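Structural overview
Chain by chain, the residues:
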Amino acid sequence: MSSIYHALVDMVGEDYVSNQPEELFTYSKDLGTSEPKWPEYVVVPNTTEEVQKIVLFANQEKIPIVPLGGGMSLAGLALPLKGGITIDMKRLDQVIEVNEKGRYMVVEAGISQGKVTAYLHKHHPNLMHSEPGAPPAATIGGNLAIHGQGDLAHPYGFNSDMVNGLEVILPTGEIARFGSCAVGSGWFTMHPLPDLGLFLGWGGTTGIITKVSLRLFPFKKFREMDQFVVEDEELVPEILYDLTHLGLSEDLIAMSSEIPPLYDRLHHITINVTGDSKEELEFKRHISYDLTLSKYIRSGVGGIASVSQDIQRPQISKSADWKKGGGFEYVGSIMPVSAYPECYRRGAEISSRHQIPYTILGRVIGCSHGMMFSWSYAFNRADPETVRHASEALQETDELVMEMGGTIWKPAVFGQKLILEKMDNTTVQLMKKVKNLLDPNGIMNPGNWELD
Ligand SMILES: Cc1cc2nc3c(=O)[nH]c(=O)nc-3n(C[C@H](O)[C@H](O)[C@H](O)COP(=O)(O)OP(=O)(O)OC[C@H]3O[C@@H](n4cnc5c(N)ncnc54)[C@H](O)[C@@H]3O)c2cc1C
């Protein structure tokens, strides 16, 4: 024990290593329903070289390591399921470069979403990245490791589609680069080199991302949020098809929620309307509402619920308050937009069976190329019965997603197993070969995406 502690202290300094229960305690839990899992050590490196030393050491000693970003992914994904060392990445938080005209920025992977937004706002007010609706402490690296999506999902896609380059520490300790940065010519593209696709979406089981080049997009000066409402869930895919055909909005989210009563059994479609002038906003609203959605208004099946609100991120965390005790977790899934009505009906049934007020949301990805669905389940942390209900509801929702032919997004271990059971065997075998090749000692976030 003490030799591991001293080795870690030699790598990062005494202030940034702990094996003390009161500090390990905070790393043993996340915000969701997962049982606590304790690391033996927590280490908080400051540089890529320090991360590399830790990984080389862990690989040599065959000690499990778990990269941790903001710890906001909720599904127990950054808990040390097999003990070992939690590597807290939050001190790797520097902006390395912003290429304004090339619209990309290079950052250390532990930088928080909030810091990126604040930095751009201050130094490059014409640029933005696609920030997830997660609390701002979530990191760039953690979000890419689970294929997150942010407020530019429509029209630009998953955040992991917005990567121009990566630096990764392999489980055996080598530092590898991917994209144009691998040939030393800058961090401006992942293309046209052969695709290795080994790290995004692997939940930190194949390597630790240390640097990222992120695509940036125009930040429009005027930013407002409108809501269109319908009672019939069957209309939602059609309305989203109409709106994505126009391509005039920044973020499109359909939501229904038992609380507050205003949202119950209704479907509010949030439309973020942005522009560089008031005239641009008016033009977009004229095309969107007067010329396109007016057919729903005229036939009495839909209406404008609000216009010109301040933009808010999808506040699924508000559903944590639906029960006393402030706990919540959600299942995410990627499915076609056409699945919205069934996701809503069957999700509301699961919630009702477990006496949890339902909150069901779908965010459009790309030009209606898919939707990120979420079903949130609140529980009281101090009441094991409500935790049990939430856990069961989460597992039933995972099963529902698989039954509907969807893919579970950022699955917990239970959902990972469901996916692997259904996955094409050749693909599973290939994943296994890749994992064994990269991580011969099985040290990287073990317990997640186990393929044996
Ligand atoms: C209220 C709320 C709203 C949310 N809304 C959204 C949303 O709109 N969109 C969205 O995408 N997500 C959302 N999330 C989910 C999640 O918080 C985010 O995806 C978040 O960006 C995850 O980043 P993190 O740094 O917290 O990751 P963590 O939870 O720390 O880690 C996630 C996974 O990545 C691994 N990992 C962490 N850092 C690295 C690294 N540097 N290299 C390799 N692997 C690493 C971890 O081991 C773990 O497996 C939401 C969560 C909450 C609580």
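Model, not experiment: these values are computed from the prediction. (Residues numbered from 1 in each chain as written. Predicted model: local features only at pLDDT ≥ 70, side-chain atom pairs only at ≥ 80, totals over all residues. Heavy atoms only, no water.)

Let's shift gears to the sheet that holds strand E4 (residues 85-88). Consider a sheet: its strands pair through backbone hydrogen bonds, and that pairing is either parallel or antiparallel. The sheet built from four strands is open, its strands ordered E1-E2-E4-E3 with mixed pairing. Every interior strand has two partners, whereas the edge strands, strand E1 (17-18) and strand E3 (65-68), have only one. Relative to E4, E3 runs parallel, the two sharing four bridges. The partner of Pro67 across the bridge, within E4, is Ile87. (Pairing = 2+ DSSP bridges. Helix = DSSP H or I, 4+ residues; strand = E, 2+ residues; numbered from the N terminus.)

Attention now goes to the nonpolar core. Counting 77 residues, the largest nonpolar core has Met105, Leu166, Val212, Ile239, Ile271 and Trp375 as the members making the most contacts within it. It is helix H10 (residues 384-403) that contributes the most residues to this core, seven residues altogether. Contacts of Ile239, omitting those with residues within four sequence positions, involve Phe228, Val230, Ile269, Leu293 and Tyr296. Counting 25 residues, the second-largest nonpolar core is a separate cluster that includes Tyr5, Val55, Ala58 and Leu92. (Core = buried A, V, L, I, M, F, W, Y, C linked by side-chain atoms within 4.5 Å. Buried < 20%, exposed > 50% of the residue type's maximum accessible area, 1.4 Å probe, protein only. Contact = heavy atoms within 4.5 Å.)

We now examine the packing of aromatic side chains. Taken as a whole, this structure holds nine aromatic pairs when the rule is applied. When the ring of Phe178 is compared with that of Phe199, the centres are 5.2 Å apart and the planes differ by 50°; the resulting orientation is tilted. Within this pair, whereas Phe178 is found in strand E9 (residues 175-179), its partner Phe199 is found in the loop between E9 and strand E10 (208-215), the two being separated by 21 residues in sequence. Using a relative accessible area of 14% as the deciding quantity, one classes Phe178 as buried. Under the relative-accessibility criterion, Phe199 is labelled buried at 5%. Taking 6.4 Å as the distance between ring centres and 35° as the angle between the ring planes, the aromatic pair formed by Tyr340 and Phe373 counts as tilted. Residue Tyr340 is located in helix H9 (residues 340-353), and its partner Phe373 is located in strand E18 (residues 370-380); the two are separated by 33 residues in the primary sequence. (Phe/Tyr/Trp six-rings, centres within 6.5 Å; stacked < 30°, edge-to-face > 60°.)

Further remarks concern a nonpolar patch on the surface. A contiguous nonpolar surface patch, about 220 Å² in accessible area, is contributed by Ile297, Ile304 and Val307. For Val307, the location among the structural elements is in strand E15 (residues 302-310). (Patch = residues over 30% accessible without salt bridge, like charges linked within 9 Å, V, L, I, M, F, W, Y side chains within 5 Å. Areas by Shrake-Rupley, 256 points an atom, 1.4 Å probe, with all protein chains shown as cover. Salt bridge = Lys/Arg side-chain N within 4 Å of Asp/Glu carboxyl O.)

One open sheet holds the five strands; their spatial order is E5-E6-E10-E8-E9, and the pairing between them is antiparallel. Of all the strands in the sheet, the pair left with one neighbour each is strand E5 (95-99) and E9. For this sheet, the mean inter-axis angle between neighbouring strands, taken without regard to orientation, is 10°. Where strand E6 (residues 104-108) and E10 come together, five bridges link them in antiparallel fashion. (Axes fitted to C-alpha atoms, helices over the stretch in contact; angles between N-to-C directions.)

A separate point is the site of the ligand. In the vicinity of the ligand there are 35 residues, among which Pro67, Gly70, Ser73, Thr139 and Gln149 approach most closely. One of the backbone nitrogen or oxygen atoms of Met72 is found 2.8 Å away from an oxygen atom of the ligand. Asn445 is positioned such that a nitrogen or oxygen atom in its side chain is 3.4 Å from an oxygen atom of the ligand. Mapped by element, the contributors of at least two residues to the shell around the ligand are E3, helix H5 (140-144), E10 and strand E16 (326-335). (Near = heavy atom within 4 Å. Polar contact = N/O pair within 3.5 Å; in protein donor to acceptor, adjacent residues only side chain to side chain.)

We now examine the pairing of strand E8 (residues 163-169). For E8, the tally of buried residues reaches seven of seven residues, placing the bulk of the element in the interior. In this structure, E8 lies alongside E10, joined through six bridges in antiparallel fashion. Bridge assignment links Val168 to a residue of E10, and that residue is Ile209. The pairing of E8 with E9 spans five bridges and is antiparallel. The partner of Glu167 across the bridge, within E9, is Arg177. Hairpin connection of E8 to E9: five residues between the antiparallel strands, including Gly173 at a positive phi of 100°.

Moving on, we come to the state of the cysteines. Summed over all chains, the structure comprises zero disulfides. The closest cysteine sulfur to the non-disulfide-bonded Cys343 is located on Cys367, 20 Å from its own sulfur. (Disulfide = S-S within 2.5 Å.)

Time to look at the side chain of Asp251. Residue position: Asp251 is located in the loop between helix H7 (236-246) and strand E13 (252-257). There is a polar contact of 3.0 Å between the side chain of Asp251 and the side chain of Arg363. In this structure, Asp251 is in contact with Gly150, Asp151, His154, Thr270, Ile271, Asn272 and Arg363, ignoring residues within four places of it in sequence.

Right, let's get into the environment of Phe222. Looking at the element boundaries, Phe222 is found in strand E12 (residues 222-230). We classify Phe222 as partly exposed; its relative accessible area is 29%. For the pair Phe222 and Asp321, spaced 99 residues apart in sequence, the C-alpha separation works out to 31 Å. Sequence-distant contacts of Phe222, defined by excluding residues within four places in its chain, comprise Val273, Thr274, Gly275, Asp276, Ser277, Lys278 and Leu281.

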